[in-house]
Every structure is written in C-alpha cells, then in structure tokens.
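Chain by chain, the residues run as shown.
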Amino acid sequence: MNDKNTIDLSWDDFDELRDPRPDNNAFDAVVDRAMSRRGFLGGVLAFGSGAAVMGAGVLGSVKGAQAQTSQFAFAPIGISTDYDIHVPDGYEWNVLARWGDPLFSDAKSAYSPVGGVDVSMSDRVFGENTDGMELFTDGDKEIIAVNSEYVNPKINLPEASAGMPQSADEVTLLKNMQGVTVMEVAKTAKGYGVVLDSPYNRRITHETVMTMDGPVAGSDLVKTNADPEGLSPKGTMNNCGSGRTLWGTYLTCEENFNGYFGATSPVEGTEGNIRYGIGGEGRYAYEKFDPRFDLAAEPNEPHRHGWVTEIDPLDPASTPVKHSALGRFKHENAEMVQANDGRVVVYMGDDERGEFIYKYVSNGTYVEGGSTDGLLSDGQLYVAKFNDDLTGEWLPLTPEATGMTIEEILVFARIAGSKVGATTMDRPEWIAANPLKCEAYCALTNNKNRGVKPNAGGDDTPATGPNPRETNNYGQIVRWMPTGEDHGAQTFTWDLYVMAGNPDVYDNAYGGSENITAGNMFNSPDGMAFSSDGMLWIQTDGDDSNEGEFEGQGNNQMLVGDPVTGEIARFLTAPHGAEVTGLCWSADKKTAFVGIQHPGGSWPDGAGKPRSSVISVWRKDGAMIG
Ligand code: FEO
Ligand code: CA
Ligand code: CA
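In this text, all values refer to a predicted model and were calculated from it rather than measured experimentally.

A. View of the coordination of the calcium ion (ligand 3). With distances of 2.3 to 2.6 Å, the protein atoms coordinating the calcium ion (ligand 3) are Glu429 (OE), Asp526 (OD) and Asp541 (OD). Mapped onto the sequence, the residues coordinating the calcium ion (ligand 3) show the spacing E-x96-D-x14-D. Separating the calcium ion (ligand 3) from the calcium ion (ligand 2) is a gap of 3.8 Å, which glutamate 429 spans by donating to each of them. One end of the pair, glutamate 429, is in strand S19 (residues 428–433); the other, aspartate 526, is in strand S23 (residues 525–530), and 97 residues separate them in sequence. Neither glutamate 429 nor aspartate 526 differs from the other in exposure class; each is buried.

Here it is as structure tokens:
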C-alpha cells in the first residue's frame, strides 16, 4: 500500500482502502451522470426516506433567516481561487508561526527552503499541519497550545524518498513534526510573534512520555513490552481538534491514529482493529524502523492512542494525561461545558463516515478553584441517538447495555455505540457550544457513503434525521438543545442550523438550506468555535476545485454564522490547497489566530516549500474581533 498513490490520499480516503464500498454502485452511476449534466438533475437525484422530515421541521431553525438582519461587523468577501489569504476591508493579517519556525534561538537555522527542517533541531521548531489551538494566560503572558495534526512526507523528506522514510532518522523527523507545540506569543508592530526561548515553549511529540487515567489505565488491553503495567503510554498522534478545560488546561484530540500502525508480518484482523481501520501497512512505514508501531510485535500499542489527552500549557515540566474515561475513537475535538448541577460535560465527535457523537459526564462536580481530581477519569460515557421527530437522547454505554466490560466499552467505544443503536452520522467534526444559550453545534462535514454502504461496523447509514442526504458531498451543521437548558440532561431536541449546498447547481436539497446563497456558499464545514459575543465561526475543509458541483465555492474559507437569524457571511478565504482549521483569540479579543493547514503553491513565503502556518487577523481600527 505504501506507493505514491497511498501517500497522496486524504485520511478518509485511506480508510476507504481498508473498507471499500461495492464496485459499480448504482447510486454512483446516477451521481456521475448528474455531475456531467448538471442543471438536469433536479428530479434525478433520489432522496432517502429522511427527505420527508426535511420540510418545516428539520430546518425550522433557519426559517425567517431573511426576515432579520444580522449585524456582522464586516462586509462579507467573495470567493478566491489564488494562493493568498483574503480578509474583509478594514482587517489585516500576518503570519504568526510557520512550519519549521524556531521556538528556541538555537533552532533559528533549522529550516531551509530547499531541505525543509533539519532532524537535529526538529523538536525545537513549530510543527507541520497546524490544527486545533487554544490560548491561555499566565498573568500578562499569552501562551498558545496548538496541534500539528500529521505530516506531508513529500514536503518533509528528500525527493528521492518518494515520500516514504528510508531511515530511522527520517522517521524521527516525521514524528517530531507532529504532536503539540506550546509557545508564548506577544504583540509585535504587525500582529503577534512567537517569544523565542520563552520558558513556556515546549514540543510534545510521538515520543513524549505520558500517563493514562480512568478505567482503562493498567488494564491488559493497554499493556506492552515497554510498559508492562499499562500506565505510561508514549506519545500523542494525529492531534486534530482541541478543547480547554474549565480549569485552564489544554485538551488535544487524537484522531486518525490508526494509520500510524502497520504489520511487518501478517496479523489476525480482530473485530476491534477492523472497526478502527488498523492493519496492513502504516501510512509512514514507522513499523519498519520502530517496533512500537509494528502490530506483529506490539498488538496493544494502538489501544494506547485515540484518546483525549490533557496538557498543562503553563507547566512545561508537566506530564500529559490520556483520559480513558472519555472513550477511544477518532477524536475530532472536545468541547467542555458544565451541567446545571456542576458536573463536567464533554461533547466529542468521531470523524469517520457513519460513526457517532459522544458525551462524557463526570460524577463529581467542579467549582472554580476547587479540586479537579477525578473529573475526567470518573464519569459516564454516552452516545447520541437522533430521532426523526427532532428529539434525541444520550444512550449510556454501560456493561448492562452493551454486554462488554467497562475497559472494552472505552477502548472499543465504536462497538459499544453500535450495540446500543447510536445514530450513524455524516463524519462528525468539531462541536462548539454557544456561550450565550444552552445549545451545541456539530459540523457534519460530508459523507459520500451515506445511504450507499454501512459503516465499518456494518451499521446501516440511512438518509434520515440530521443526515438527510444520500451521497452527501456538502455537509451540514446539526445543533441540539438539551432538555431543561441543562447540558447534563439525557434528552434533547435538535434541528439543522445549515445544510451546505450549491444553489447555482441544484434546485433541491443539494442546493442547501435557505441560509445558503450564491454569495456565501461553501462545502464541508469542519472547524467551529464560538466567539465570546455568541457568533459561530465556521471553517471549511472541502473540495476547493471550484468546478462541477463545487463551482462558485472557491478555496476553503472561514465564515461567521449568527445563531439567532441563521445568516452566514464569508470572513476569510485561504490559499488554494489549504484547509482552514484551528481558531482562538488573544486575551483582549482584538486578534484572532487562525490555522492554515496544507497550503498549496509556495504559501506563505512566495518561494520554496508551502508551509502550514498560524496567522493573526485583526481590525485596523483596533476594535475587538470576537
Ligand atoms: Fe482532523 Fe476530522 O479532521
Ligand atoms: Ca478537522
Ligand atoms: Ca476534515
């Protein structure tokens, strides 16, 4: 599998290799015909049975969107197709940190435009493929913790390697370009910059020693030759979205961890490994140089990844903790809120086609300044079931409900979710909770398999409920309102905040919901965060070809949505090739930090390699931006 085609695949297409859908699918044929004769497909594209509920109810939230006028603080911008950043009039941007930029002065020459990052300094620079991030303060110091999700081997490695590491040193380089960066930032004459040699600066990589807490810590499922007690997993990987605790620590979420493991000799395909897409050869051939990643040598090592990991960004000597009580799956982000009785609630999505949305609720309660012991290790994990009548419930994953032990439930949360009948979703990405109202939003980015094939566990994926479109290439955002305005409630009502689409191409539900127009359309919502003023910022990671059913949508972008009126306005467009992911604000809310991952061309330097970067964006008049 490790040919150049494989390394060029996206993570979700990589999954498809291990769980292919049937050949010559009849629905594909319909879509292919439709794509080549757009404008004629009005009545051709069939809907699933869920179409019946798509009228007044599901999109009720958007009713009247045109009747009220949102007060966006900016004039929305058009699409772009170039290799630059665009922001509205009256705003400016600058690069804060690029892949390979030094965190320490001895690493100032670690990066070169031709060779990339030198392995000897690779754990002392900003990592590649920036993703989720959060800003913390310590007195007047501002510290950003930021994920580096994965690597582009063809950019990091010599051309002769064809994108696959040829030595242990090259594996070390790839490992060090991923993980988490903690860095102090400070205002400059133009935006913000990294504070070189700050005592807060730190890299956390695939090699950093961690601990695990919760029911899985010490269980047989996570014991390895290097860690026979199963208490000290090493490294965090594929760090996708982020979260922050109520007590000021960082949550990094391990997503496509499955692709890092391979087998140097045949291993049995267990139910767990099949459900999580583990087997065959690893994406980066780590297993050829490091037995920790070899399934034949360490079958339990993958069980030590796929968790939410907590990092104290203000203590560079602290040991990160993997919280097993929150379950193991392809974690997108972790949105922490509080139940009315003080319990801690964490909403989490599992980003794979047909997988689930989860919620963790602590047994203990949190009061500001009080003990946090047990809050992320002692609680109940639930999985979401959405009903077609716009109600839903959180199903507890217990031994009684699943027939599994608590350790099995958490390590194989997907299997537990299937056993209780959770709703298969269109790739749950970020979840964001409205700070001004008891409701939460989840970006369901897209799902080309909706209604076409089951998920990796064999669960059906009918086009119903909040996932109403077969072969859904545009995505939607679902939101739920907990019963009694209490995030601790076990039931909720839901609706769709938006269905992305293309009204220029389709005059049916693939044209999008009422709040999608030719002027704001996009595809594949992914990153999301609320600003303190209660506006929903939406980042996209979709098809930026600007062709076919994506014509008129341009490069990936960041939009702002008004939760009350439903109005959505485009705020930023990314360089071609990039996705926009990761968003946080300076302490004074006058600067937004935005992640630009896997840009194309030679952005932002204008020559040499493309460099994933975090940028700062601010208003020229110095007003707040969120
Ligand atoms: Fe890492 Fe689902 O995006
Ligand atoms: Ca994402
Ligand atoms: Ca994505």
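B. Highlighting empty space enclosed by the protein. By the definition in use, this model includes three cavities of 30 Å³ or more. Each pocket or cavity is described by its volume, and for the largest cavity that value is around 90 Å³. Residue lining of the largest cavity: 14 residues in total, with Glu16, Asp19, Glu352, Arg353 and Asn449 positioned closest to the centre. Looking at the lining of the largest cavity residue by residue, the class counts come to two nonpolar, five polar and seven charged.

C. Structural view of the sheet that holds strand S27 (residues 579–585). Strand order across the open sheet formed by four strands is S1-S29-S28-S27, with antiparallel pairing between neighbours. Single-partner strands in this sheet number two, and they are strand S1 (91–98) and S27. Averaged over neighbouring strand pairs, the angle between their axes works out to 25 degrees when direction is ignored. Where strand S28 (residues 591–597) lies against strand S29 (residues 613–619), six bridges are found, and the strand directions are antiparallel. When the bridges of S29 are listed, alanine 592 appears paired with valine 617.

D. Representation of the environment of glycine 465 within the structure. With respect to the element layout, glycine 465 can be found in the loop between strand S20 (440–444) and strand S21 (476–482). Here the alpha-carbon distance between glycine 465 and tryptophan 494, two residues 29 residues apart in the chain, equals 9.5 Å. If sequence neighbours within four positions are ignored, glycine 465 has contacts with Asp388 and Trp494.

E. Molecular detail of the pattern of salt bridges. Considering all chains together, one arrives at 39 salt bridges under this definition. Aspartate 605 is paired through a salt bridge with arginine 98; the nearest N and O atoms lie 2.9 Å apart. Here the residue aspartate 605 occupies a position in the loop between S28 and S29, and arginine 98 occupies one in strand S1, the gap between them amounting to 507 residues. The exposure class of aspartate 605 is partly exposed, given its relative accessible area of 32%. Since its relative accessible area comes to 25%, arginine 98 is described here as partly exposed. Across the pair lysine 330 and glutamate 352 runs a salt bridge, and its minimum N-O distance is 2.8 Å. Of this pair, lysine 330 sits in the loop between strand S13 (321–323) and strand S14 (331–338) while glutamate 352 sits in the loop between strand S15 (343–350) and strand S16 (357–365), placing them 22 residues apart in sequence. Like lysine 330, the residue glutamate 352 is buried in the burial classification. The structure contains a network of salt bridges with shared partners spanning Asp12, Asp13, Glu16, Asp351, Arg353, Arg427, Glu429, Lys448 and Lys453.

F. Broad picture of the coordination of the calcium ion (ligand 2). At this site the calcium ion (ligand 2) is bound by Glu332 (OE), Glu429 (OE), Asp526 (OD) and Asp526 (OD), with donor distances of 2.3 to 2.8 Å. Going along the chain, you hit the donors of the calcium ion (ligand 2) in the pattern E-x96-E-x96-D.

Reading guide: rules and limits
- Every chain begins its residue count from 1, and numbering advances along the sequence as written.
- The order in which chains are written sets their letters, starting at A; the order in which ligands are written sets their numbers, starting at 1.
- At least 70 in pLDDT is required for a residue's local features to be given in this predicted model, at least 80 for side-chain atom pairs to be given and counted, and no such filter applies to totals for whole chains, interfaces and linings, which use all residues.
- The side-chain values count all of the structure's non-hydrogen atoms but skip hydrogen atoms and water molecules.
- Here the coordinating atoms are restricted to nitrogen, oxygen and sulfur within 2.8 Å of the metal centre, or 3.2 Å for Na, K and Ca, and because water is not among them the sites may look incomplete.
- Going along the chain from the N terminus, every DSSP run of H or I of four or more residues is numbered as a helix, and every run of E of two or more is numbered as a strand.
- Relative accessibility under 20% of the residue-type maximum defines a buried residue, over 50% an exposed one, and the middle range a partly exposed one, all with a 1.4 Å probe and only protein chains included.
- Definitions used throughout: a 1 Å grid over protein atoms alone; a cavity as a set of points that fits a 1.4 Å probe which cannot get out; a pocket as an open set with protein on both sides within 12 Å along at least five of seven lines; a lining residue as one with an atom within 4 Å of a point.
- Grid points are joined across faces, edges and corners, and a volume is the space filled by probe spheres set on the points.
- Each residue receives one of three labels: charged for Asp, Glu, Lys and Arg, nonpolar for Ala, Val, Leu, Ile, Met, Phe, Trp, Tyr, Cys and Pro, and polar for the others, Gly being one of them.
- Any two strands between which DSSP finds at least two bridges are classified as paired.
- Axes, fitted as lines to C-alpha atoms, cover a helix only where it is in contact. Angles between the N-to-C directions of the axes lie from 0 to 180 degrees.
- In what follows, residue pairs with any heavy atoms lying within 4.5 Å of each other are defined as contacts.
- A side-chain nitrogen of Lys or Arg and a carboxyl oxygen of Asp or Glu constitute a salt bridge if their distance falls within 4 Å.

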